[in-house]
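Structure at a glance
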Amino acid sequence: MPDVTLTTLQALKQKGEKIAMLTCYDATFARASCQAGVDVLLIGDSLGMVLQGHDSTLPVSVADMAYHTASVKRGNQGAMIVADLPFMAYATLEQTLHNAGLLMQAGAHMVKVEGAAWLAESIARLAERGVPVCAHMGLTPQAVNILGGYKVQGRQQAQARQMVADAIALEQAGAALLLLECVPSELAGEISRAVKVPVIGIGAGPQTDGQVLVLHDMLGLSLSGRVPKFVKNFMQGQSSIQDALAAYVKAVKDVSFPAAEHGFSA
Ligand code: KIV
Ligand code: NA
């Protein structure tokens, strides 16, 4: 597979071909995911939950993220690598630049931050310095204590209008990619059409430009036993992890995943 760059992702959006993104935390899964055709590997701070066993992503450190990013980089074969800036690692502009630098030097090609229009300044300053940014909107798990739980975002009309405006503002600030988590499918489609940059969805329906899932979720591994409605277990009907990864990529590309039952209504 040739190297996936920002240009590749933009071209996929223009062609209407879906982007397959998957979380990844180590070299072996990086290699397997690349061989299955995954375009973008996300070192998500979900590792706080699925690897470390915490009940939220808040305990994850920049050092944790850099360690796993470096591991993924060693197994990568041409995918784009995106790494999450964890909780409080982008609270000030100085911290943002410093910590983004650490993740880029560990092997990321892009960093991801959670929030809304207030991220504009950080995104602009990072982009000026050569760091592409993915803006994660909608359900932002680092803010779970403000949100009062892991809930669908943008169901109220005012909140939905604000989310569209914020997405446009972050694109104008220089965001390279947007990610929408747990957003009604229609709203996610509207945002995807309102911006030129690719929009990746999780629990955001089939109209976004690509999809992402947490690796352990799509392999049917769950610590809590509670699986979100937007997850599909791709091990079902497959006899190997390699086949499950390939089935995920195929389902994203042919838009058979996500199905209506994986999405949310307004
Ligand atoms: O940390 C993570 O895995 C993520 C995805 C759920 C988008 O941010
Ligand atoms: Na994350």
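Predicted model only: the values in this text are computed from it and were never measured. (Residues numbered from 1 in each chain as written. Chains lettered and ligands numbered in written order. Predicted model: local features only at pLDDT ≥ 70, side-chain atom pairs only at ≥ 80, totals over all residues. Heavy atoms only, no water.)

Running from amino to carboxyl end, helix α5 (residues 93-106) crosses helix α6 (residues 120-128) at an angle of 45°, the nearest separation of the two axes being 10 Å. By the criterion of interaxial angle, the relationship of α5 to α6 is oblique. The handedness of the crossing between α5 and α6 comes out as right-handed. Facing α5, whose interface residues are Leu93, Thr96, Leu97 and Ala100, α6 presents Glu121, Ser122, Arg125 and Leu126. Class assignment of the residues belonging to the contact of α5 with α6 gives a composition of 4 nonpolar, 2 polar and 2 charged. (Axes fitted to C-alpha atoms, helices over the stretch in contact; angles between N-to-C directions. Helix = DSSP H or I, 4+ residues; strand = E, 2+ residues; numbered from the N terminus. Parallel < 35°, antiparallel > 145°, perpendicular 65-115°, else oblique. Left-handed = near helix turned anticlockwise from the far one by under 90°. Contact = heavy atoms within 4.5 Å. Nonpolar A, V, L, I, M, F, W, Y, C, P; charged D, E, K, R; others polar.)

Taken together, Thr23, Leu42, Gly44, Asp45, Ser46, Asp84, Lys112, His136, Leu179, Ile202, Val212 and Val214 make up all the residues around ligand 1. Here an oxygen atom of ligand 1 sits 3.1 Å away from a polar atom, N or O, in the main chain of Asp45. A distance of 2.6 Å separates an oxygen atom of ligand 1 from a polar side-chain atom of Ser46. For ligand 1, the accessible surface in isolation is 250 Å², of which the surrounding protein chains cover 94%. Given that more than half its atoms are within 2 Å of the pocket grid, ligand 1 belongs to the largest pocket. Class assignment for the residues of the shell around ligand 1 results in 5 nonpolar, 4 polar and 3 charged. (Near = heavy atom within 4 Å. Polar contact = N/O pair within 3.5 Å; in protein donor to acceptor, adjacent residues only side chain to side chain. Areas by Shrake-Rupley, 256 points an atom, 1.4 Å probe, with all protein chains shown as cover. 1 Å grid on protein atoms, 1.4 Å probe; cavity = no way out; pocket = protein on both sides within 12 Å on 5 of 7 lines; lining within 4 Å. Sits in = over half its atoms within 2 Å of the grid points.)

So, about the side chain of Asp45. By the secondary structure assignment, Asp45 is in the loop between β2 (40-43) and α3 (47-50). The buried charged residue Asp45 lacks any salt bridge, with Lys112 as its nearest oppositely charged partner at 5.5 Å. A distance of 2.6 Å separates polar atoms of two side chains, one belonging to Asp45 and the other to Gln142. (Buried < 20%, exposed > 50% of the residue type's maximum accessible area, 1.4 Å probe, protein only. Lys, Arg positive; Asp, Glu negative; His and termini not counted. Salt bridge = Lys/Arg side-chain N within 4 Å of Asp/Glu carboxyl O.)

Per the UniProt entry, the sites bearing "active site" (unreviewed entry) are Glu181 in this numbering. Within the secondary structure, Glu181 sits in strand β6 (residues 177-181). In terms of polar contacts, Glu181 uses its side chain to reach the side chain of His136, at 2.9 Å. (UniProt positions renumbered as here; feature names shortened; annotations may be inferred.)

Our next topic: the coordination of the sodium ion (ligand 2). Taken together, Asp45 (OD) and Asp84 (OD) make up the protein donors of the sodium ion (ligand 2), found 2.2 to 2.3 Å from the metal. Pair noted here: Asp45 is in the loop between β2 and α3 and Asp84 is in strand β3 (residues 80-84), with a separation of 39 residues, a long-range link. On the basis of relative accessibility, which here comes to 2%, the residue Asp84 falls in the buried class. (Donors = N, O, S within 2.8 Å, 3.2 Å for Na, K, Ca; no water.)

So, about unusual backbone geometry. Cis geometry marks the peptide bond from Phe257 to Pro258; its omega dihedral reads 0°. Mapped onto the secondary structure, Pro258 falls in the segment after α11 (241-253). Despite not being glycine, Met88 has its phi angle at roughly 70°, a positive value. For Met88, a relative accessible area of 52% corresponds to the exposed category.

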